[in-house]
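# Topology and contacts: notes
The lines below spell out each chain.
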Amino acid sequence: MQSSTSGAEEVRRLQRRFEREHSARLAAEAIAEEGLRELYARQQQLLLLEAIAAAANQSKSVESALQFALTAVCESTGWPLGHAYLVPSEGAKRLRSTGIWHRPQAGDMRAFFNATEMTDFEWGAGLPGRVLVTSAPAWIADVTAESNFPRAHDAMKAGLKSAFAFPVLVGTDVAAVLEFFSDKASTPDQILLRLMSQIGTQLGRVIERKRAENDLLHDASHDPLTTLPNRVLFLELLARAVARNQRRPETMFAVLFIDLDRFKVVNDSLGHHAGDHLLVEVAARLSASLRQSDMVARSNAPRHGTCDTLARLGGDEFTILLDDLSDLSEAVGVADRIQKTLAAPFVVEGQEFYASASIGIASSKTGYTSADAVLRDADLAMYRAKTFGKARYEIYDQTMHEAAINRLTLETNLRKALKNEEFVLHYQPIVLLSTAEIIGFEALVRWQKPDSDLVYPGDFIDVAEDTGLILFIGMWVLREACRTMRLWQQEFPRQQPLIISINVSARQFAQQDIVQQIRQIIHETGIDPHTVKLEITESVTMDDAERTVRVLSELKELGVRFSIDDFGTGYSSFSYLHRFPVDTLKIDRSFISRMEQSGESFEIVQTIMHLSRNLGMQVVAEGTETEAHVETLRSLGCDFGQGYFFSKPLSNAAAHDLLQASTPMANAPRAKRPLATSRSAKRSAPPCAQHPVISTGVNAALSR
Ligand code: C2E
Ligand code: MG
Ligand code: MG
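Reference entry: report on the structure contained in this document.

How each quantity is defined
Residues numbered from 1 in each chain as written. Chains lettered and ligands numbered in written order. Predicted model: local features only at pLDDT ≥ 70, side-chain atom pairs only at ≥ 80, totals over all residues. Heavy atoms only, no water. Helix = DSSP H or I, 4+ residues; strand = E, 2+ residues; numbered from the N terminus. Rg over C-alpha atoms; globule rule 2.2 N^0.38 Å. Areas by Shrake-Rupley, 256 points an atom, 1.4 Å probe, with all protein chains shown as cover. Lys, Arg positive; Asp, Glu negative; His and termini not counted. Charge placed at Lys NZ, Arg CZ, Asp CG, Glu CD. Pairing = 2+ DSSP bridges. Axes fitted to C-alpha atoms, helices over the stretch in contact; angles between N-to-C directions. Contact = heavy atoms within 4.5 Å. Donors = N, O, S within 2.8 Å, 3.2 Å for Na, K, Ca; no water. Buried < 20%, exposed > 50% of the residue type's maximum accessible area, 1.4 Å probe, protein only. Core = buried A, V, L, I, M, F, W, Y, C linked by side-chain atoms within 4.5 Å. Parallel < 35°, antiparallel > 145°, perpendicular 65-115°, else oblique. Left-handed = near helix turned anticlockwise from the far one by under 90°. Nonpolar A, V, L, I, M, F, W, Y, C, P; charged D, E, K, R; others polar. Near = heavy atom within 4 Å. Polar contact = N/O pair within 3.5 Å; in protein donor to acceptor, adjacent residues only side chain to side chain. Expected span 1.5 Å × (residues − 1).

## Details of the overall build of the chain
Across its full length, the chain holds 25 helices and 22 strands. Scaling as 2.2 N^0.38, a compact globule of 704 residues should have a C-alpha radius of gyration of about 27 Å, whereas the chain reaches 44 Å, well beyond that. The C-alpha extent of the chain, read off along each of the three principal axes, is 180 × 50 × 50 Å. Entry remark: accessible area of the chain is about 35,100 Å², with carbon and sulfur atoms responsible for 53%. Taking the average location of the 75 positive side-chain charges in the chain and that of its 88 negative ones, the two points are 2 Å from each other.

Put into structure tokens, the structure is as follows:
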């Protein structure tokens, strides 16, 4: 009995031991299996991370990196649906769908996609908004039961259950969020979320790299002062518009070329710093006037106002590309609005002043094939707007192109003329009205073409001014006029030596070394500077009053004298006159010619006479054409006249003959006469035939 009991016990003990060992082995096996599984899962995760890191390094765009990550995560986790958001601009507290998905083939998810893509997720809103706030991954076990999940209804229809999302971080900022959905409910998997954080870091590097690249690109294509697109970028965008327009000729674009009027005055008088400040202000006003255009005037404009581009080409030149126009009047509307927005005063460094712009408009109606051509024509139209009085717009047309070609030809010919010494001077007598005695001459330049055409300054001075050729022509005129007058003064000595009046253009006057130039010419020619009178226009004196006073005073010290030419046609601010050391006012001939018919012109002449008397200045009446003019002018107390009544401008030889005929010493032997310098001398009619009034020396009618 004893032994059978102990035998049974032994069996039970062995059984227990076996069970213990079995369950230990099972446990050990389970542990081993779990470890293996974990190891496998880890390995898979590492592979996923590696694959995404590699793709991120090689990706050409943020979008392609996001697409790769979505697909890789979905395939690795078995979650069927993934989608990416981006923060629309750096620092924005919002997320916008990129439209980039990894999605299953089956199932109708259209409503869910729409709801996702049409919503901007604000700070804290829904799953992406939550990630934006926490900068950390988030998990929702069942989106249909979640209170902060605005797409719950559409998610339910799409059969979606659980979701997780994680941030793509650049530094500590959320730059993007990726979200994933499953059709099964599941509890948070912390290991998976940790892995997703690491993926987020990898993707963040792509965004960071792209931002740096974009910054570089931005610098190369933008103006650093105003941050507006520069010429390079503008031309690129314009080229695209031209190409689009060629593909779809029914569409229309226009370019506005904007140039500030008198910007140089600000720059020169207040300095470059103030000039820069003004440009920044102008840029702000221009871009404000554009945004308005999208909202108000252009009702058919797309939601984001696609293509209206404001650029700064350089200096005070801005351009605007208006795309998707339905009518040219819309471009005109923008030009009008720009004028209005610039009309309010600008305050720069405590100084208030007014700006305006000249605007040229070119549109695709002309049928362009290159961006350069559009810009060239808009520029031409702008130039026309400037010529027609500034603060206005002009629309390009074909005649402007022809005019531009003509100008270009003229410029080339002028350069040749200068090289070939084709310029000559004519001299028009300036006469003492009371006696008709010649007191001097005004030197007037002409272009004697080889084909015998004589071209008058009205046909070339403007182009010479614009191209800077006037600087060379002007120097030649000064030297030649002084040289000739010096010879005449020697040959026809008088108690009051003859005066030579010489026109000096604004551009000549603006040269830094104008004083040295004139000093040099006086020295070279040996002329008495007191017999040299420089004719400047009112615009010269207005441009930069401080400098004008300085330069005039320096020249005055040399002995040179000054007239204000065409007086009455410019800004005519009488108040500034006393500040300038000016000796003579030359009343513009438009007033003289209308003096008898128009009471207003008569009064202007009368006022100028009063003014000059008060300021102790002499007055020369330009365009004195008739005896009646002479009578009226004398009755008003005008001392001097110049005009066809006395003489037209004469060639050098003819002027010399006139002097000889009207000088008491006229019977001096002809051999002593200085050589005529003008080639046109031969062509000029003898003064007696042309100018009976002066040729007799003293006109009986006038000397009464
Ligand atoms: P301006 O200096 O006012 O010269 C007077 C102009 O009036 C001259 O025209 C002259 O021929 C014209 N004139 C004189 N008397 C009469 C008259 O009784 N009736 C009419 N209808 N016209 C008269 P021009 O020679 O064609 O010169 C035109 C303008 O060209 C000048 O006006 C001056 O501004 C500019 N100019 C001429 N020579 C030069 C020059 O050497 N340098 C510069 N910078 N400008 C010059
Ligand atoms: Mg003149
Ligand atoms: Mg004049």
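## A word on the sheet that holds strand β5 (residues 163-170)
Pairing is antiparallel across the open sheet formed by six strands, whose spatial order is β3-β2-β1-β6-β5-β4. Edge positions in the sheet fall to β3 (120-122) and β4 (138-140), since each of these pairs with one other strand and no more. Along the sheet, successive strands turn relative to each other by an average axial angle of 25 degrees, direction set aside. Sheet topology places β5 next to strand β6 (residues 173-181); eight bridges connect them, and they run antiparallel. Residue Ala163 lies in a different strand from β6, and its bridge partner there is Phe181. Lying over the sheet, helix α3 (residues 110-118) contacts β1 (81-86), β2 (94-102), β3 and β6, oriented at roughly 145 degrees with respect to β2.

## Details of the coordination of the magnesium ion (ligand 3)
At 2.0 to 2.7 Å from the magnesium ion (ligand 3) lie its protein donor atoms, namely Asp565 (OD), Asp566 (OD), Glu622 (OE) and Glu622 (OE). Here the donor residues of the magnesium ion (ligand 3) share one chain and are spaced in sequence as D-D-x55-E. The distance between the magnesium ion (ligand 3) and the magnesium ion (ligand 2) is 4.1 Å, with Asp565 acting as a donor to both metals. Of the two residues, Asp566 is situated in strand β19 (residues 561-567) and Glu622 in strand β21 (residues 618-622); the sequence distance between them amounts to 56 residues. Exposure remark for Asp566: the relative accessible area of 27% places this residue in the partly exposed category. On the basis of relative accessibility, which here comes to 10%, the residue Glu622 falls in the buried class.

## Thoughts on the nonpolar core
Side chains of nonpolar character tend, in soluble globular proteins, to be buried together. Ranked by size, the top nonpolar core spans 77 residues in total, and within it Leu414, Phe441, Trp488, Ile500, Ile502, Leu534 and Val605 carry the most contacts. Per element, the largest residue contribution to this core is nine residues, and it comes from helix α14 (residues 469-491). Once you skip the residues sitting within four places of it in the chain, Phe441 turns out to touch Tyr427, Gln428, Pro429, Ile430, Met485, Trp488, Ile499, Ile500, Ser501, Ala655 and Leu659.

## Some points on the coordination of the magnesium ion (ligand 2)
Binding of the magnesium ion (ligand 2) to the protein goes through Glu442 (OE), Asn503 (OD1), Glu535 (OE) and Asp565 (OD), at separations of 1.9 to 2.2 Å. Between the donor residues of the magnesium ion (ligand 2), the gaps in sequence give the motif E-x60-N-x31-E-x29-D. On the basis of relative accessibility, which here comes to 27%, the residue Asn503 falls in the partly exposed class. The exposure class of Glu535 is buried, given its relative accessible area of 1%.

## Re the environment of Ser197
Looking at the element boundaries, Ser197 is found in helix α6 (residues 190-221). With a relative accessible area of 30%, Ser197 lands in the partly exposed category. Placed 406 residues apart in sequence, Ser197 and Glu603 show a C-alpha to C-alpha distance of 88 Å.

## Thoughts on the sheet that holds strand β13 (residues 393-395)
Taken in spatial order, the five strands make up an open sheet running β8-β9-β7-β12-β13, and their pairing is mixed. If you trace the sheet from one side to the other, it starts and ends with β8 (309-314) and β13, each paired once. In this sheet, neighbouring strand axes are inclined to one another by 20 degrees on average, regardless of whether the strands run parallel or antiparallel. Here β8 runs beside strand β9 (residues 317-322); their pairing, made up of five bridges, is antiparallel. What sits directly across from Thr309, in β9, is Leu321. Packing against the sheet, helix α10 (residues 328-343) makes contact with β7 (254-260), β9, β12 (357-363) and β13, and its axis sits at approximately 165 degrees to β12.

## As for the packing of α14 against helix α16 (residues 514-525)
Interaxial distance between α14 and α16 falls to 9 Å at its minimum, and their mutual angle equals 30 degrees. The orientation of α14 relative to α16 falls into the category roughly parallel. The handedness of the crossing between α14 and α16 is right-handed. Between α14, through Met475, Leu478, Arg479, Cys482, Arg483 and Arg486, and α16, the contact on the second element is made entirely by Gln517, Ile518, Ile521, Glu524 and Thr525. When grouped by side-chain class, the residues that make up the contact of α14 with α16 number five nonpolar, two polar and four charged.

## Some details on the site of ligand 1
Around ligand 1 sit 22 residues in total, of which Arg446, Asn503, Asp565, Glu625 and Tyr644 are the nearest. Within the contact set of ligand 1, a nitrogen atom lies 3.0 Å away from a side-chain nitrogen or oxygen of Gln428. Contacts to ligand 1 include Asp566, whose side-chain N or O atom sits 3.0 Å from an oxygen atom. In isolation ligand 1 offers 790 Å² of accessible surface; the protein chains occlude 83% of this area. Residue assignment for the shell around ligand 1 shows that the elements contributing at least two residues are β15 (437-448), α14 and β19. Of all the elements, β15 adds the most residues to the shell around ligand 1, at four residues.

## Comments concerning the environment of Phe318
Within the secondary structure, Phe318 is located in strand β9. For the pair formed by Phe318 and Leu414, sequence separation is 96 residues and the distance between their alpha carbons is 31 Å.

## Details of helix α21 (residues 599-615)
An ideal rise of 1.5 Å per residue puts 24 Å on 17 residues; α21 measures up with 24 Å between its terminal C-alpha atoms. Downstream of α21 by one or two residues, Gly616 has phi in the positive range, about 70 degrees.

## Considerations on the pairing of β19
A large share of β19 lies buried, amounting to five of its seven residues. Bridging between strand β18 (residues 532-537) and β19 involves five bridges; their strand directions are parallel. When the sheet's bridge partners are listed, Lys533 is paired in β19 with Arg561. Here three bridges tie β19 to strand β20 (residues 584-587), and the two strands are oriented parallel to one another. Across the sheet, the residue bridging to Ser563 is Thr584, located in β20.

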